[in-house]
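Geometric and topological summary
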Amino acid sequence: MTSILETIEAGNEPAQGLKRREDLTARELLREVGSVLRMSEAEAAKLGDLPVDPSEDQTMIINMGPQHPSTHGVLRLMLELQGETVLRCKPIIGYLHTGMEKTGEQLTYMQGGTNVTRMDYVSPLNNELVFSLATEKLLGIEDDIPERAVWMRMLLSELNRMSSHLLFLATNGMDLGAVSMMIYGWREREEVLRFFQKVTGLRMNHNFIRPGGVAADLPAGWRDDVLRLLELIGPRLDEYDTLMTGQPIWRERLQGVGVITAQEAIALAATGPTLRGSGVPWDLRRDQPYLRYPELDFDVIVGSYGDAFDRYAIRLNEVRESMKLVAQILDKMPSGDFRIQNKKVTPPPRARIDESMEALIHHFKIFTEGFKVPEGEVYVAIESPRGEIGCYIASDGSATPYRMHVRAPSFVNIQCLPHMMRGGLVADAVAVISSVDPVLGEVDR
Amino acid sequence: MTDDAHPDAASDAASDAAPTELHGCPLRELYGQSVLFVPRDQYTKVVRLLLADGFEMCADLTAVDYLTFPNRTLPDGVAAERFEVVVNLLSLRDRKRIRVRVQVPADDPSIPTLFDMYPGAEAMEREVYDMFGISFTDHPDLTRILMPEDWDGFPLRKDYEVGKIPVQFKEAHA
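Residues numbered from 1 in each chain as written. Chains lettered and ligands numbered in written order. Predicted model: local features only at pLDDT ≥ 70, side-chain atom pairs only at ≥ 80, totals over all residues.

A word on the overall build of chain B
Summing up its helical and strand segments, chain B has three helices and eight strands in all. When the helices and strands of chain B are read in sequence order from the N terminus, they spell out α-β-β-β-α-β-β-β-β-α-β. Within the span of chain B, comprising 174 residues, buried residues form 40% of the whole. Look at the contacts in chain B between residues 6 or more apart in sequence, and 53% of them connect residues 24 or more apart. (Helix = DSSP H or I, 4+ residues; strand = E, 2+ residues; numbered from the N terminus. Buried ≥ 20, exposed ≤ 12 C-beta atoms within 10 Å, placed from the backbone. Contact = placed C-beta atoms within 7 Å.)

Digging into the nonpolar core
Ranked by size, the top nonpolar core spans 153 residues in total, and within it A:Val432, B:Cys58 and B:Val85 carry the most contacts. The residues touching B:Val85, leaving out its near neighbours within four places in the chain, are B:Ala63, B:Val102, B:Val104, B:Ile111, B:Val128 and B:Ile134. (Core = buried A, V, L, I, M, F, W, Y, C linked by C-beta atoms within 7 Å.)

Focus: the pairing of strand β7 (residues 387–395) of chain A
All names here are of chain A. Across the nine residues that make up β7, a large majority, nine, are buried. Hairpin remark: strand β6 (residues 376–384) followed by β7, antiparallel, with two residues in the connecting loop. Bridging between β7 and strand β8 (residues 403–407) involves five bridges; their strand directions are antiparallel. Paired with Ile393 across the two strands is Met404, which belongs to β8. (Pairing = 2+ DSSP bridges.)

Looking at the packing of helix α7 (residues 147–175) of chain A against helix α14 (residues 308–332) of chain A
Between two packed helices, what matters for the description is the angle formed by their axes and the separation of those axes. All names here are of chain A. Between α7 and α14, whose axes approach to 9 Å, the crossing angle comes to 155°. Between α7 and α14, the interaxial angle falls into the category roughly antiparallel. As for the relative orientation of α7 and α14, their crossing is left-handed in sense. Judged by residue contacts, Trp151, Met154, Leu155, Glu158, Leu159, Arg161, Met162, His165, Leu166, Phe168, Leu169 and Asn172 of α7 engage Tyr312, Arg315, Leu316, Glu318, Val319, Ser322, Met323, Leu325, Val326, Ile329 and Lys332 from α14. (Axes fitted to C-alpha atoms, helices over the stretch in contact; angles between N-to-C directions. Parallel < 35°, antiparallel > 145°, perpendicular 65-115°, else oblique. Left-handed = near helix turned anticlockwise from the far one by under 90°.)

Remarks on the sheet that holds β7(A)
All names here are of chain A. Across the sheet, three strands lie side by side as β6-β7-β8; this open sheet has antiparallel pairing. Only two strands of the sheet have a single neighbouring strand rather than two, namely β6 and β8. Looking at each pair of strands side by side, their axes are set apart by 10° on average, direction ignored. Sitting on the sheet, helix α6 (residues 124–139) touches β6 and β7, and the angle it makes with β6 is about 150°.

Digging into the sheet that holds strand β1 (residues 59–64) of chain A
All names here are of chain A. Reading across the sheet, the three strands line up as β1-β2-β3 and stay open at both edges, with antiparallel pairing between neighbours. Because the sheet does not close on itself, it has two edges, and the strands there are β1 and β3 (85–92). Ignoring strand direction, the axes of neighbouring strands in this sheet form an average angle of 20°. Pairing of β1 with strand β2 (residues 76–82) involves six bridges; the strand directions are antiparallel. The residue bridging Ile61 from the neighbouring strand is Glu80, located in β2. Along the sheet face, helix α19 (residues 426–436) touches β1, β2 and β3 and points at about 150° away from the line of β2.

Structural notes on unusual backbone geometry
Phi at A:Asp437 is positive, roughly 55°, even though this residue is not glycine. Turning to its location among the elements, A:Asp437 is positioned in the loop between α19 and α20 (440–444). For A:Asp437, a count of 27 C-beta atoms within 10 Å corresponds to the buried category. Located in the positive-phi region is B:Arg95, a residue other than glycine, with phi close to 55°. Positionally, B:Arg95 belongs in the loop between β5 (83–91) and β6 (96–104). Assessed through the 13 C-beta atoms surrounding it within 10 Å, B:Arg95 is described here as partly exposed.

Here you go:
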């Protein structure tokens, strides 16, 4: 057998696209249908025969995307259709690949936040958080982060979960023709982003959570802003319930569509609402707690059927859970420092630079060459709105990561699409993509 | 290498490393995380045992190219090679993680696929192949996933320089 590398050197690199049905081998069919359930090839081959019209020209392979309004960015799906039925589907990605992991190797730990925050641009604060936690673990300072910084991180991370899920509700509505929901969802998300703008200076891509703490303290009046936000969004969620959850058309479009079982979801390494929708109560905030989540009271929302409706309902209710968490965080927010007072990690305050030579030197060193991180490698995972986001950093003792890898939940979750779409309708394909809620910036990195 | 700023962290990591074994492979606790160093020829066998132990989800699979950092700390008996495939397995039942590190030599960058045990590793293995040129034997669909299919080279390798690629805009003139 020639190795794949020799094949490439000979200029015969295999194509990324969907093969013609008659060229499929049993093993490839197994990949598409059977392997998730750990079937034998024979069983899978039997299952592979969806009722196909005997004349093969009845099926056609079409491209959906990469420029398509309901693929949430530049996701391309190759679909094999028979009439309106999806026989096979293959997601093709990479259109937004900008080599962010390679870029991450060029940036210091100080600058790294600006890079990772642009991966999942819908929940940037979670990306920054996981990167900071991994860096702090390597530095050995993860237990020395000031309490206020920890609680601020939780506050921002939960608000970000709300804004991300509100955006999901908006796009999910839009994809299914509930256009007013789109407007409502964007409107409420904008309220959250306005708060982020007040705190961090930016609506998105904040680079606010940094190794050692956060960039700045909360601004004056933040508590009133958050309370206003909670008062505003609570009743709006009830409106969404009236508008969509109980509405027959909405239920018809989502219930029983894109079903994935718990066994399949675990085998495909799906996480977040996609996994919980299938009835697996797995939430890293509860099951492998980080920050101070054990001190807070919240529920893990779990579905039972694993269909698109469950994933919708989970996200809607997770907004409510996040509001519960934010309310508790408001009560418990301690005072104190917002970043660690370790001169090697935290730049000195601006005022000190004018008075102290040492402060000037630290400031200069941190911003030119960055701080050094001891040799080692860690993997830290947290629960982002889309699932488990993990950061793997290998350090060689220098000021830049030797390797920085982000385990992107969307990248893994879109592997579920072929299984969810199989045998469904093209119109439901849109509902299925939407229900997985991929962010292509994170898929392609 | 120790760093003057954080001597505790470095020595912690070293003293944490109480040598133990799991399935005949060295197991280390680094930064409170379990890391298992598996030789390549036992990779499939050990991962199958871990699956039987309850690690039912392959949370992450990636690789590191240690071309410019060959003297990294490894347990005795593990010979450093250029590539390292890193697999993070997760047990939902026991709420545990374990990380499997496999040394992959530069002259034969290949390793068996985990697809039969963890179908979810499919896209991750394609990504590693795409970025590092490590081929996964018996992978059902080993094609580039993020880069265009006619791309030359493997971007995350350390000898692949940043900025060396000719600009792709063919018709553009300066």
